[in-house]
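# Fold and geometry: a report
Here are the chains, one letter per residue:
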Amino acid sequence: MNIHELGVHDLASRIRSKELSASETISAIFDRIEDAEPTIRAFLHLNADYAHMRAKAIDQLPANELANLPLAGVPVAVKDNMATVSMPTTAGSKILSGYMSPYNATVVDRLEAAGAVIVGKTNLDEFAMGSSTEHSAYHITCNPWDIGRVPGGSSGGSAAAVAAQMVPAALGSDTGGSIRQPASYCGVTGLKPTYGRVSRYGLIAFASSLDQIGPLARNVEDARLLYEVIAGHDPLDATSLPDALDSSLKPFDDWRGIRIGIPKEYDGDGIDPLVQERYHDVLALLKAQGAQLVDLSLPHTHYAISAYYLIAPAEASSNLARFDGVRYGLRRPSDDLLSMYETTRAEGFGSEVIRRILLGTYALSAGYYDAYYLKAQKVRTLIRRDFERAFDQADVILTPTTPDTAFKFGEKSRDPLQMYLSDVFTVTANLAGIPGVSTPAGLIGDVPAGMQWLGPALKETRLLQIAQAFEQLWPSVPWPSVGDE
Ligand code: GLN
(Lines give C-alpha, C1' and ligand atoms only; values in the text may rest on other atoms or scores of the structure.)
Protein backbone atom coordinates (compact mmCIF):
# COMPACT_ATOMS: atom_id res chain seq x y z
CA MET A 1 0.00 0.00 0.00
CA ASN A 2 1.39 3.40 -0.99
CA ILE A 3 1.26 6.13 1.63
CA HIS A 4 -0.67 8.47 -0.68
CA GLU A 5 -3.45 5.90 -0.93
CA LEU A 6 -4.12 5.99 2.81
CA GLY A 7 -7.07 7.98 4.10
CA VAL A 8 -7.25 10.41 7.01
CA HIS A 9 -8.23 7.84 9.61
CA ASP A 10 -5.54 5.33 8.63
CA LEU A 11 -2.79 7.92 8.35
CA ALA A 12 -3.56 9.56 11.69
CA SER A 13 -3.68 6.26 13.56
CA ARG A 14 -0.41 5.02 12.00
CA ILE A 15 1.32 8.30 12.75
CA ARG A 16 0.00 8.35 16.32
CA SER A 17 1.31 4.84 16.90
CA LYS A 18 4.66 5.80 15.29
CA GLU A 19 4.26 3.05 12.71
CA LEU A 20 4.68 5.86 10.18
CA SER A 21 6.26 9.28 10.63
CA ALA A 22 4.64 12.55 9.60
CA SER A 23 7.83 13.40 7.67
CA GLU A 24 7.72 10.20 5.59
CA THR A 25 4.08 10.92 4.90
CA ILE A 26 4.76 14.43 3.66
CA SER A 27 7.62 13.19 1.44
CA ALA A 28 5.32 10.58 -0.09
CA ILE A 29 2.58 13.16 -0.62
CA PHE A 30 4.92 15.57 -2.41
CA ASP A 31 6.18 12.70 -4.61
CA ARG A 32 2.59 11.98 -5.51
CA ILE A 33 1.91 15.67 -6.17
CA GLU A 34 4.95 15.76 -8.45
CA ASP A 35 3.50 12.87 -10.47
CA ALA A 36 -0.12 13.95 -10.69
CA GLU A 37 -0.14 17.74 -10.45
CA PRO A 38 1.31 18.48 -13.91
CA THR A 39 -1.76 16.75 -15.39
CA ILE A 40 -4.44 17.82 -12.89
CA ARG A 41 -3.31 21.30 -11.80
CA ALA A 42 -5.36 21.30 -8.63
CA PHE A 43 -3.14 23.71 -6.69
CA LEU A 44 -2.47 27.43 -6.83
CA HIS A 45 0.25 27.29 -4.17
CA LEU A 46 2.32 24.53 -2.59
CA ASN A 47 4.73 24.97 0.30
CA ALA A 48 6.84 21.85 0.78
CA ASP A 49 9.30 23.53 3.17
CA TYR A 50 6.53 24.61 5.48
CA ALA A 51 4.89 21.17 5.34
CA HIS A 52 8.17 19.41 6.14
CA MET A 53 8.81 21.78 9.03
CA ARG A 54 5.36 21.11 10.46
CA ALA A 55 5.72 17.35 9.98
CA LYS A 56 9.05 17.37 11.77
CA ALA A 57 7.53 19.22 14.70
CA ILE A 58 4.79 16.58 14.91
CA ASP A 59 7.32 13.75 14.83
CA GLN A 60 9.14 15.34 17.75
CA LEU A 61 6.09 15.52 19.99
CA PRO A 62 6.07 13.34 23.08
CA ALA A 63 3.85 10.25 22.72
CA ASN A 64 1.18 11.55 25.10
CA GLU A 65 0.70 14.75 23.09
CA LEU A 66 0.71 12.92 19.77
CA ALA A 67 -1.94 10.54 21.07
CA ASN A 68 -4.33 13.48 21.47
CA LEU A 69 -4.09 14.75 17.91
CA PRO A 70 -7.06 13.58 15.84
CA LEU A 71 -5.32 14.55 12.58
CA ALA A 72 -1.72 13.76 13.59
CA GLY A 73 0.48 14.34 10.54
CA VAL A 74 -2.42 14.23 8.07
CA PRO A 75 -1.70 16.24 4.90
CA VAL A 76 -4.59 18.56 4.03
CA ALA A 77 -5.18 20.98 1.16
CA VAL A 78 -7.14 24.19 1.68
CA LYS A 79 -9.18 26.07 -0.91
CA ASP A 80 -7.44 29.32 -1.76
CA ASN A 81 -10.23 31.52 -0.39
CA MET A 82 -9.24 30.73 3.21
CA ALA A 83 -6.56 32.86 4.82
CA THR A 84 -3.19 31.25 5.56
CA VAL A 85 0.01 32.88 6.78
CA SER A 86 2.15 30.14 5.22
CA MET A 87 1.05 30.74 1.62
CA PRO A 88 -0.67 33.45 -0.45
CA THR A 89 -4.46 33.67 -0.45
CA THR A 90 -5.82 34.78 -3.83
CA ALA A 91 -9.41 33.49 -4.02
CA GLY A 92 -8.49 32.56 -7.60
CA SER A 93 -8.51 36.27 -8.51
CA LYS A 94 -5.93 38.55 -10.11
CA ILE A 95 -6.98 41.28 -7.72
CA LEU A 96 -5.43 39.31 -4.84
CA SER A 97 -2.40 38.07 -6.74
CA GLY A 98 0.40 37.42 -4.23
CA TYR A 99 -1.68 38.60 -1.26
CA MET A 100 -0.29 37.35 2.05
CA SER A 101 -2.75 37.29 4.92
CA PRO A 102 -1.41 38.42 8.30
CA TYR A 103 -3.53 35.78 10.05
CA ASN A 104 -4.94 32.28 9.57
CA ALA A 105 -8.60 31.47 9.07
CA THR A 106 -10.04 29.79 12.17
CA VAL A 107 -10.43 26.52 10.24
CA VAL A 108 -6.72 26.57 9.38
CA ASP A 109 -5.74 27.18 13.01
CA ARG A 110 -8.03 24.35 14.09
CA LEU A 111 -6.63 21.93 11.52
CA GLU A 112 -3.09 22.72 12.61
CA ALA A 113 -3.94 22.45 16.30
CA ALA A 114 -5.33 18.97 15.55
CA GLY A 115 -2.01 17.94 13.95
CA ALA A 116 -2.88 18.38 10.26
CA VAL A 117 -0.17 19.56 7.87
CA ILE A 118 -1.34 22.10 5.28
CA VAL A 119 0.45 21.24 2.03
CA GLY A 120 -1.09 23.68 -0.41
CA LYS A 121 -3.92 25.93 -1.51
CA THR A 122 -6.31 24.69 -4.15
CA ASN A 123 -7.70 26.24 -7.31
CA LEU A 124 -11.22 27.64 -7.47
CA ASP A 125 -13.52 29.73 -9.58
CA GLU A 126 -12.67 33.36 -8.87
CA PHE A 127 -14.16 34.31 -5.48
CA ALA A 128 -15.92 30.91 -5.54
CA MET A 129 -18.28 32.06 -8.30
CA GLY A 130 -18.81 29.18 -10.65
CA SER A 131 -19.41 25.47 -11.05
CA SER A 132 -16.43 24.31 -13.08
CA THR A 133 -13.24 26.03 -11.82
CA GLU A 134 -12.93 27.42 -15.37
CA HIS A 135 -13.43 30.90 -13.89
CA SER A 136 -10.13 30.78 -11.98
CA ALA A 137 -7.97 33.71 -13.08
CA TYR A 138 -4.92 31.40 -13.04
CA HIS A 139 -5.58 28.10 -14.80
CA ILE A 140 -8.09 25.32 -15.20
CA THR A 141 -8.11 22.12 -13.14
CA CYS A 142 -8.79 18.75 -14.80
CA ASN A 143 -11.11 16.07 -13.55
CA PRO A 144 -8.91 13.09 -12.57
CA TRP A 145 -11.46 10.66 -14.05
CA ASP A 146 -11.32 12.28 -17.48
CA ILE A 147 -8.91 15.13 -18.03
CA GLY A 148 -11.07 16.53 -20.83
CA ARG A 149 -13.75 17.32 -18.27
CA VAL A 150 -14.18 19.88 -15.48
CA PRO A 151 -13.78 18.85 -11.84
CA GLY A 152 -16.84 20.92 -10.91
CA GLY A 153 -16.63 24.06 -8.84
CA SER A 154 -16.04 26.23 -7.25
CA SER A 155 -13.99 23.92 -4.97
CA GLY A 156 -12.74 22.02 -8.05
CA GLY A 157 -9.10 22.07 -6.96
CA SER A 158 -9.92 20.54 -3.58
CA ALA A 159 -12.10 17.80 -5.08
CA ALA A 160 -9.56 16.97 -7.82
CA ALA A 161 -6.65 16.90 -5.34
CA VAL A 162 -8.51 14.36 -3.19
CA ALA A 163 -9.68 12.22 -6.14
CA ALA A 164 -6.17 12.17 -7.66
CA GLN A 165 -4.87 11.02 -4.26
CA MET A 166 -2.58 14.00 -3.89
CA VAL A 167 -4.06 14.59 -0.42
CA PRO A 168 -6.39 12.44 1.68
CA ALA A 169 -8.66 15.40 2.42
CA ALA A 170 -9.21 19.06 1.70
CA LEU A 171 -11.36 21.99 2.74
CA GLY A 172 -13.83 23.62 0.40
CA SER A 173 -16.48 26.29 0.75
CA ASP A 174 -20.09 25.98 -0.32
CA THR A 175 -22.32 28.97 -1.09
CA GLY A 176 -24.65 27.23 -3.52
CA GLY A 177 -23.13 23.79 -3.94
CA SER A 178 -19.40 24.36 -4.29
CA ILE A 179 -18.42 21.47 -2.01
CA ARG A 180 -21.12 18.98 -2.99
CA GLN A 181 -21.10 19.50 -6.77
CA PRO A 182 -17.32 19.04 -7.25
CA ALA A 183 -17.41 16.15 -4.77
CA SER A 184 -20.03 14.54 -7.00
CA TYR A 185 -18.11 15.23 -10.24
CA CYS A 186 -14.86 13.86 -8.77
CA GLY A 187 -16.32 10.86 -6.92
CA VAL A 188 -15.41 11.99 -3.39
CA THR A 189 -17.43 12.76 -0.26
CA GLY A 190 -18.19 16.40 0.48
CA LEU A 191 -20.06 17.89 3.42
CA LYS A 192 -21.66 21.31 3.63
CA PRO A 193 -22.43 21.78 7.31
CA THR A 194 -25.35 23.75 8.78
CA TYR A 195 -24.94 27.50 8.29
CA GLY A 196 -23.01 28.79 11.31
CA ARG A 197 -21.59 25.41 12.31
CA VAL A 198 -18.09 26.14 11.02
CA SER A 199 -16.45 29.52 11.56
CA ARG A 200 -16.18 31.74 8.49
CA TYR A 201 -13.48 33.88 10.11
CA GLY A 202 -10.75 34.20 7.49
CA LEU A 203 -12.92 32.89 4.64
CA ILE A 204 -12.97 35.47 1.85
CA ALA A 205 -16.66 36.32 1.77
CA PHE A 206 -18.73 35.65 -1.36
CA ALA A 207 -22.32 35.68 -0.01
CA SER A 208 -22.07 35.85 3.76
CA SER A 209 -25.54 34.49 4.58
CA LEU A 210 -24.92 31.38 2.43
CA ASP A 211 -21.17 30.66 2.70
CA GLN A 212 -20.10 27.63 4.72
CA ILE A 213 -16.78 25.79 4.95
CA GLY A 214 -16.67 21.99 4.92
CA PRO A 215 -14.48 18.96 4.20
CA LEU A 216 -13.92 16.86 1.08
CA ALA A 217 -12.44 13.41 1.62
CA ARG A 218 -12.28 9.93 0.12
CA ASN A 219 -14.89 8.50 2.47
CA VAL A 220 -17.52 9.61 4.95
CA GLU A 221 -15.51 8.69 8.04
CA ASP A 222 -12.60 10.87 6.90
CA ALA A 223 -14.93 13.79 6.13
CA ARG A 224 -16.39 13.42 9.61
CA LEU A 225 -12.94 13.52 11.23
CA LEU A 226 -12.17 16.86 9.56
CA TYR A 227 -15.63 18.21 10.24
CA GLU A 228 -15.34 17.51 13.97
CA VAL A 229 -12.04 19.38 14.08
CA ILE A 230 -13.23 22.51 12.26
CA ALA A 231 -16.79 22.76 13.61
CA GLY A 232 -17.89 24.48 16.79
CA HIS A 233 -18.35 27.94 18.18
CA ASP A 234 -15.86 30.68 17.33
CA PRO A 235 -16.10 34.07 19.06
CA LEU A 236 -14.44 35.64 15.99
CA ASP A 237 -17.48 34.90 13.78
CA ALA A 238 -20.68 36.60 14.91
CA THR A 239 -22.82 34.06 13.02
CA SER A 240 -21.07 31.06 14.56
CA LEU A 241 -23.50 28.82 16.45
CA PRO A 242 -22.94 27.98 20.12
CA ASP A 243 -24.52 24.50 19.88
CA ALA A 244 -22.35 21.54 20.88
CA LEU A 245 -21.60 18.81 18.34
CA ASP A 246 -23.13 15.43 19.02
CA SER A 247 -20.45 12.95 18.15
CA SER A 248 -21.88 10.10 20.16
CA LEU A 249 -24.01 8.37 17.52
CA LYS A 250 -22.83 4.90 16.55
CA PRO A 251 -22.67 3.70 12.93
CA PHE A 252 -25.58 1.55 11.87
CA ASP A 253 -26.40 -0.86 9.08
CA ASP A 254 -30.06 -1.47 9.70
CA TRP A 255 -32.13 0.70 7.39
CA ARG A 256 -35.46 -0.45 8.79
CA GLY A 257 -37.32 2.48 10.29
CA ILE A 258 -35.20 5.08 8.48
CA ARG A 259 -37.53 7.47 6.66
CA ILE A 260 -35.98 8.75 3.43
CA GLY A 261 -37.76 11.69 1.83
CA ILE A 262 -37.98 11.64 -1.96
CA PRO A 263 -38.90 15.12 -3.19
CA LYS A 264 -40.75 14.97 -6.47
CA GLU A 265 -39.25 18.28 -7.64
CA TYR A 266 -35.78 16.70 -7.82
CA ASP A 267 -36.77 13.91 -10.12
CA GLY A 268 -38.20 15.51 -13.22
CA ASP A 269 -37.29 17.57 -16.26
CA GLY A 270 -33.74 18.64 -16.83
CA ILE A 271 -32.05 15.60 -15.30
CA ASP A 272 -29.72 13.52 -17.41
CA PRO A 273 -31.64 10.24 -17.88
CA LEU A 274 -28.61 8.23 -16.75
CA VAL A 275 -28.36 10.21 -13.52
CA GLN A 276 -32.07 9.71 -12.99
CA GLU A 277 -31.71 5.99 -13.59
CA ARG A 278 -28.87 5.81 -11.04
CA TYR A 279 -31.00 7.70 -8.52
CA HIS A 280 -33.78 5.17 -8.97
CA ASP A 281 -31.32 2.28 -8.60
CA VAL A 282 -30.16 3.77 -5.31
CA LEU A 283 -33.73 4.19 -4.09
CA ALA A 284 -34.56 0.59 -5.02
CA LEU A 285 -31.55 -0.67 -3.11
CA LEU A 286 -32.44 1.33 0.00
CA LYS A 287 -36.01 0.12 -0.19
CA ALA A 288 -34.81 -3.47 -0.44
CA GLN A 289 -32.83 -2.84 2.76
CA GLY A 290 -36.03 -1.93 4.56
CA ALA A 291 -35.76 1.87 4.45
CA GLN A 292 -39.09 3.64 4.28
CA LEU A 293 -39.25 5.83 1.17
CA VAL A 294 -41.50 8.83 1.76
CA ASP A 295 -42.75 10.71 -1.30
CA LEU A 296 -42.87 14.38 -0.50
CA SER A 297 -42.92 17.81 -2.07
CA LEU A 298 -40.69 20.85 -1.65
CA PRO A 299 -43.00 23.09 -3.67
CA HIS A 300 -40.82 26.22 -3.85
CA THR A 301 -37.79 24.42 -5.28
CA HIS A 302 -38.65 25.80 -8.68
CA TYR A 303 -37.83 29.34 -7.52
CA ALA A 304 -34.56 28.45 -5.78
CA ILE A 305 -32.14 29.22 -8.62
CA SER A 306 -33.74 32.60 -9.27
CA ALA A 307 -33.71 33.50 -5.58
CA TYR A 308 -30.12 32.31 -5.18
CA TYR A 309 -28.88 34.27 -8.21
CA LEU A 310 -30.36 37.45 -6.73
CA ILE A 311 -29.30 36.98 -3.09
CA ALA A 312 -25.77 35.66 -3.76
CA PRO A 313 -24.80 38.42 -6.24
CA ALA A 314 -26.42 41.09 -4.00
CA GLU A 315 -24.27 40.03 -1.07
CA ALA A 316 -21.23 39.62 -3.33
CA SER A 317 -21.59 43.15 -4.71
CA SER A 318 -21.32 44.46 -1.17
CA ASN A 319 -18.57 42.05 -0.02
CA LEU A 320 -16.39 42.74 -3.04
CA ALA A 321 -16.52 46.53 -2.59
CA ARG A 322 -13.46 46.20 -0.36
CA PHE A 323 -11.27 45.21 -3.32
CA ASP A 324 -10.61 48.75 -4.48
CA GLY A 325 -6.85 48.98 -4.91
CA VAL A 326 -6.47 50.65 -1.53
CA ARG A 327 -6.67 47.91 1.05
CA TYR A 328 -5.55 44.73 -0.67
CA GLY A 329 -3.56 43.33 -3.55
CA LEU A 330 -3.58 44.83 -7.03
CA ARG A 331 -3.52 48.59 -7.54
CA ARG A 332 -3.34 50.41 -10.86
CA PRO A 333 -2.24 54.00 -10.25
CA SER A 334 -4.27 56.61 -12.09
CA ASP A 335 -4.85 60.35 -12.23
CA ASP A 336 -7.63 60.48 -9.70
CA LEU A 337 -9.15 58.21 -7.08
CA LEU A 338 -12.21 57.15 -9.05
CA SER A 339 -10.27 56.11 -12.12
CA MET A 340 -7.78 54.26 -9.87
CA TYR A 341 -10.74 52.25 -8.50
CA GLU A 342 -12.09 51.68 -11.98
CA THR A 343 -8.89 50.57 -13.65
CA THR A 344 -7.87 48.39 -10.71
CA ARG A 345 -11.23 46.63 -10.60
CA ALA A 346 -11.57 46.32 -14.38
CA GLU A 347 -8.17 44.66 -14.56
CA GLY A 348 -8.38 42.70 -11.30
CA PHE A 349 -11.81 41.07 -11.67
CA GLY A 350 -12.77 38.46 -14.25
CA SER A 351 -15.94 38.63 -16.32
CA GLU A 352 -18.03 36.31 -14.11
CA VAL A 353 -17.22 38.37 -11.01
CA ILE A 354 -18.11 41.59 -12.84
CA ARG A 355 -21.37 40.00 -14.01
CA ARG A 356 -22.27 39.14 -10.40
CA ILE A 357 -21.39 42.61 -9.13
CA LEU A 358 -23.61 44.15 -11.81
CA LEU A 359 -26.48 41.76 -11.09
CA GLY A 360 -26.21 42.34 -7.35
CA THR A 361 -25.91 46.11 -7.55
CA TYR A 362 -28.96 46.20 -9.81
CA ALA A 363 -31.01 43.96 -7.49
CA LEU A 364 -30.17 46.19 -4.52
CA SER A 365 -30.71 49.54 -6.20
CA ALA A 366 -33.54 51.88 -5.24
CA GLY A 367 -36.68 51.02 -7.14
CA TYR A 368 -35.63 47.43 -7.79
CA TYR A 369 -34.91 46.33 -4.23
CA ASP A 370 -38.53 45.39 -3.44
CA ALA A 371 -39.11 43.70 -6.76
CA TYR A 372 -35.97 41.57 -6.72
CA TYR A 373 -33.97 41.37 -3.50
CA LEU A 374 -36.86 41.51 -1.06
CA LYS A 375 -38.90 39.07 -3.15
CA ALA A 376 -35.95 36.68 -3.23
CA GLN A 377 -35.66 36.87 0.56
CA LYS A 378 -39.33 35.97 0.87
CA VAL A 379 -38.84 32.99 -1.43
CA ARG A 380 -35.92 31.98 0.75
CA THR A 381 -38.20 31.83 3.78
CA LEU A 382 -40.68 29.67 1.85
CA ILE A 383 -37.90 27.28 0.86
CA ARG A 384 -36.76 27.01 4.47
CA ARG A 385 -40.33 26.22 5.53
CA ASP A 386 -40.62 23.57 2.81
CA PHE A 387 -37.71 21.75 4.44
CA GLU A 388 -39.05 22.17 7.97
CA ARG A 389 -42.29 20.51 6.91
CA ALA A 390 -40.44 17.80 4.99
CA PHE A 391 -38.34 16.88 8.02
CA ASP A 392 -41.54 16.21 9.99
CA GLN A 393 -42.13 13.36 7.56
CA ALA A 394 -38.59 12.17 6.86
CA ASP A 395 -35.30 11.76 8.75
CA VAL A 396 -33.26 12.57 5.70
CA ILE A 397 -33.89 13.65 2.10
CA LEU A 398 -32.15 11.95 -0.80
CA THR A 399 -31.62 13.57 -4.22
CA PRO A 400 -29.04 13.35 -6.98
CA THR A 401 -26.32 15.92 -6.15
CA THR A 402 -26.36 17.33 -9.67
CA PRO A 403 -28.63 16.87 -12.68
CA ASP A 404 -25.64 15.74 -14.78
CA THR A 405 -22.12 14.37 -14.47
CA ALA A 406 -18.82 16.20 -15.12
CA PHE A 407 -19.09 18.13 -18.38
CA LYS A 408 -16.41 18.97 -20.96
CA PHE A 409 -14.33 22.13 -20.79
CA GLY A 410 -16.05 25.00 -22.57
CA GLU A 411 -19.40 23.24 -22.67
CA LYS A 412 -21.11 25.65 -20.29
CA SER A 413 -18.66 28.51 -19.77
CA ARG A 414 -20.08 30.44 -22.72
CA ASP A 415 -23.61 30.21 -21.40
CA PRO A 416 -23.86 31.45 -17.80
CA LEU A 417 -27.48 30.30 -17.45
CA GLN A 418 -26.53 26.71 -18.30
CA MET A 419 -23.74 26.91 -15.73
CA TYR A 420 -26.13 28.31 -13.09
CA LEU A 421 -28.49 25.39 -13.68
CA SER A 422 -25.89 22.86 -12.51
CA ASP A 423 -26.71 24.15 -9.00
CA VAL A 424 -30.45 23.34 -9.05
CA PHE A 425 -30.22 20.54 -6.51
CA THR A 426 -27.68 22.14 -4.20
CA VAL A 427 -28.65 25.82 -3.71
CA THR A 428 -31.76 24.99 -1.68
CA ALA A 429 -29.68 23.70 1.26
CA ASN A 430 -27.74 26.98 1.38
CA LEU A 431 -30.92 29.05 1.19
CA ALA A 432 -32.43 26.97 4.03
CA GLY A 433 -29.17 26.81 6.02
CA ILE A 434 -29.36 23.02 6.37
CA PRO A 435 -26.51 20.48 6.05
CA GLY A 436 -25.94 18.35 2.96
CA VAL A 437 -23.47 15.66 2.03
CA SER A 438 -22.63 14.24 -1.38
CA THR A 439 -21.48 10.64 -1.57
CA PRO A 440 -20.36 8.75 -4.68
CA ALA A 441 -22.73 6.27 -6.31
CA GLY A 442 -20.53 4.55 -8.85
CA LEU A 443 -19.61 5.68 -12.35
CA ILE A 444 -21.74 6.65 -15.31
CA GLY A 445 -19.53 5.92 -18.30
CA ASP A 446 -16.08 6.97 -17.09
CA VAL A 447 -17.12 9.63 -14.62
CA PRO A 448 -18.63 9.53 -11.12
CA ALA A 449 -22.25 10.08 -10.08
CA GLY A 450 -23.11 11.52 -6.67
CA MET A 451 -26.09 11.34 -4.34
CA GLN A 452 -26.99 14.18 -1.99
CA TRP A 453 -28.25 13.58 1.55
CA LEU A 454 -29.96 16.55 3.20
CA GLY A 455 -30.80 16.70 6.89
CA PRO A 456 -32.33 19.05 9.45
CA ALA A 457 -30.19 21.90 10.80
CA LEU A 458 -27.45 20.80 13.22
CA LYS A 459 -27.99 17.10 12.51
CA GLU A 460 -24.69 16.56 10.67
CA THR A 461 -23.75 13.55 12.76
CA ARG A 462 -26.95 11.70 11.93
CA LEU A 463 -26.61 12.70 8.28
CA LEU A 464 -23.04 11.42 8.09
CA GLN A 465 -24.05 8.21 9.80
CA ILE A 466 -26.73 7.57 7.16
CA ALA A 467 -24.35 8.56 4.34
CA GLN A 468 -21.76 6.16 5.72
CA ALA A 469 -24.23 3.29 5.84
CA PHE A 470 -25.01 4.00 2.19
CA GLU A 471 -21.30 4.09 1.35
CA GLN A 472 -20.94 0.60 2.80
CA LEU A 473 -23.92 -0.62 0.82
CA TRP A 474 -23.04 0.76 -2.60
CA PRO A 475 -20.11 -0.94 -4.35
CA SER A 476 -17.07 1.36 -4.49
CA VAL A 477 -14.92 1.73 -7.60
CA PRO A 478 -11.10 1.94 -7.83
CA TRP A 479 -9.56 5.43 -7.85
CA PRO A 480 -8.53 6.90 -11.22
CA SER A 481 -4.97 6.13 -12.22
CA VAL A 482 -3.60 9.64 -12.71
CA GLY A 483 0.18 9.92 -12.84
CA ASP A 484 0.56 6.15 -12.21
CA GLU A 485 1.50 5.32 -15.77
N1 GLN B 1 -22.01 27.54 -8.55
C2 GLN B 1 -22.61 28.44 -7.61
C3 GLN B 1 -22.28 29.85 -7.98
O4 GLN B 1 -21.65 30.04 -8.95
C5 GLN B 1 -22.18 28.11 -6.22
C6 GLN B 1 -20.83 28.59 -5.89
C7 GLN B 1 -20.44 28.26 -4.49
O8 GLN B 1 -21.07 27.44 -3.82
N9 GLN B 1 -19.40 28.93 -4.04
O10 GLN B 1 -22.62 30.78 -7.32
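Everything below is about the structure printed above this text.
Our subject in this report is the structure included herewith.

### Regarding the site of the ligand
The immediate surroundings of the ligand are formed by 15 residues, with Thr-175, Gly-176, Ser-178, Tyr-308 and Arg-356 found nearest. Within the contact set of the ligand, an oxygen atom lies 2.7 Å away from a backbone nitrogen or oxygen of Thr-175. For the ligand, whose accessible area on its own is 290 Å², the fraction buried by protein is 100%. Taking a 2 Å distance to the grid points as the criterion, the majority of the atoms of the ligand fall inside the largest cavity. When its residues are assigned to classes, the shell around the ligand shows 5 nonpolar, 7 polar and 3 charged.

### Things to note about the sheet that holds strand β2 (residues 75–79)
The sheet built from 11 strands is open, its strands ordered β1-β3-β2-β4-β6-β5-β10-β11-β9-β7-β8 with mixed pairing. Two strands bound the open sheet, and with one partner strand each, they are β1 (43–46) and β8 (292–296). Sheet twist, expressed as the average angle between the axes of neighbouring strands with direction ignored, equals 30 degrees. Bridge count for β2 against strand β3 (residues 117–122) is 5 bridges, and the pairing is parallel. Within the sheet, the bridge partner assigned to Lys-79 lies in β3 and is Thr-122. Taken strand by strand, helix α3 (residues 48–59) contacts β1 and β3, and its axis lies near 155 degrees from that of β3.

### Overview of helix α8 (residues 220–230)
Counting buried positions along α8 gives 9 out of 11 residues, so the element sits mostly inside the fold. Taken together, the buried positions of α8 are occupied by Val-220, Glu-221, Asp-222, Ala-223, Leu-225, Leu-226, Tyr-227, Val-229 and Ile-230. Where α8 starts, the residue carrying a side-chain oxygen 3.3 Å from the main-chain nitrogen of Glu-221 turns out to be Asn-219. Of the residues one or two after α8, Gly-232 is the one with positive phi, at around 115 degrees.

Rules of the game
Residues numbered from 1 in each chain as written. Predicted model: local features only at pLDDT ≥ 70, side-chain atom pairs only at ≥ 80, totals over all residues. Heavy atoms only, no water. Near = heavy atom within 4 Å. Polar contact = N/O pair within 3.5 Å; in protein donor to acceptor, adjacent residues only side chain to side chain. Areas by Shrake-Rupley, 256 points an atom, 1.4 Å probe, with all protein chains shown as cover. 1 Å grid on protein atoms, 1.4 Å probe; cavity = no way out; pocket = protein on both sides within 12 Å on 5 of 7 lines; lining within 4 Å. Sits in = over half its atoms within 2 Å of the grid points. Nonpolar A, V, L, I, M, F, W, Y, C, P; charged D, E, K, R; others polar. Pairing = 2+ DSSP bridges. Helix = DSSP H or I, 4+ residues; strand = E, 2+ residues; numbered from the N terminus. Axes fitted to C-alpha atoms, helices over the stretch in contact; angles between N-to-C directions. Contact = heavy atoms within 4.5 Å. Buried < 20%, exposed > 50% of the residue type's maximum accessible area, 1.4 Å probe, protein only.

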